[in-house]
Amino acid sequence: MKIGALIAAAIGFSVTPALAHTPLFSCYDNGDGTVLCEGGFSDGSSASNVPIKVKNADGETVSEGKMDENSEFEFDKPDGTYSVLFDGGEGHQIEVPGDEIVE
């Protein structure tokens, strides 16, 4: 029976899909008119070069760029309602509303 259990476990592991990494993204109001965002992935992968878009209430992009080599992105805080989109690809997008970004 132990051999059968080992074979079943081996088969189960071989057909189990690899776990995908989860995006992690947070933004902080620096209190000086700028916002700093930090990102990464749950498996420890860098978010370097991940595109970031800052959008206004109408969904228009008002600022954009990419995460730097430290997986950070800093921008001037826009007036009014805004959100920040971390676009790590399909299934790896996070949008943070501006009213949730605090000092």
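Residues numbered from 1 in each chain as written. Predicted model: local features only at pLDDT ≥ 70, side-chain atom pairs only at ≥ 80, totals over all residues. Heavy atoms only, no water.

## Notes on the state of the cysteines
Formally: The disulfide definition used here is simple: a pair of cysteine sulfur atoms within 2.5 Å. Where helices and strands are cited, they refer to DSSP runs of H or I of at least four residues and of E of at least two residues respectively, numbered from the N terminus. Only protein chains enter the area calculation, which uses a 1.4 Å probe; residues under 20% of their type maximum are buried, those over 50% are exposed, and those in between are partly exposed.
Following the criterion strictly, the structure yields one disulfide and no others. With its sulfur 2.1 Å from that of its partner, Cys-27 forms a disulfide with Cys-37. Handedness here is read from the sign of the S-S torsion; for Cys-27 and Cys-37, about 105°, the answer is right-handed. Here the residue Cys-27 occupies a position in strand β1 (residues 23–29), and Cys-37 occupies one in strand β2 (residues 34–41), the gap between them amounting to 10 residues. For Cys-27, a relative accessible area of 8% corresponds to the buried category.

## Concerning the sheet that holds strand β4 (residues 61–66)
Definition in use: Being paired, for any two strands, means DSSP has found at least two bridges between them. To get an axis, fit a line to the C-alpha atoms, keeping to the stretch in contact for a helix; angles then go from 0 to 180 degrees between the N-to-C directions.
Taken in spatial order, the four strands line up as β4-β3-β6-β7 in an open sheet, and their pairing is antiparallel. Sheet topology places β4 and β7 (93–97) at the edges, where each strand pairs with a single neighbour. Across this sheet, the average inter-strand angle for adjacent strands is 15°, counted without regard to direction.

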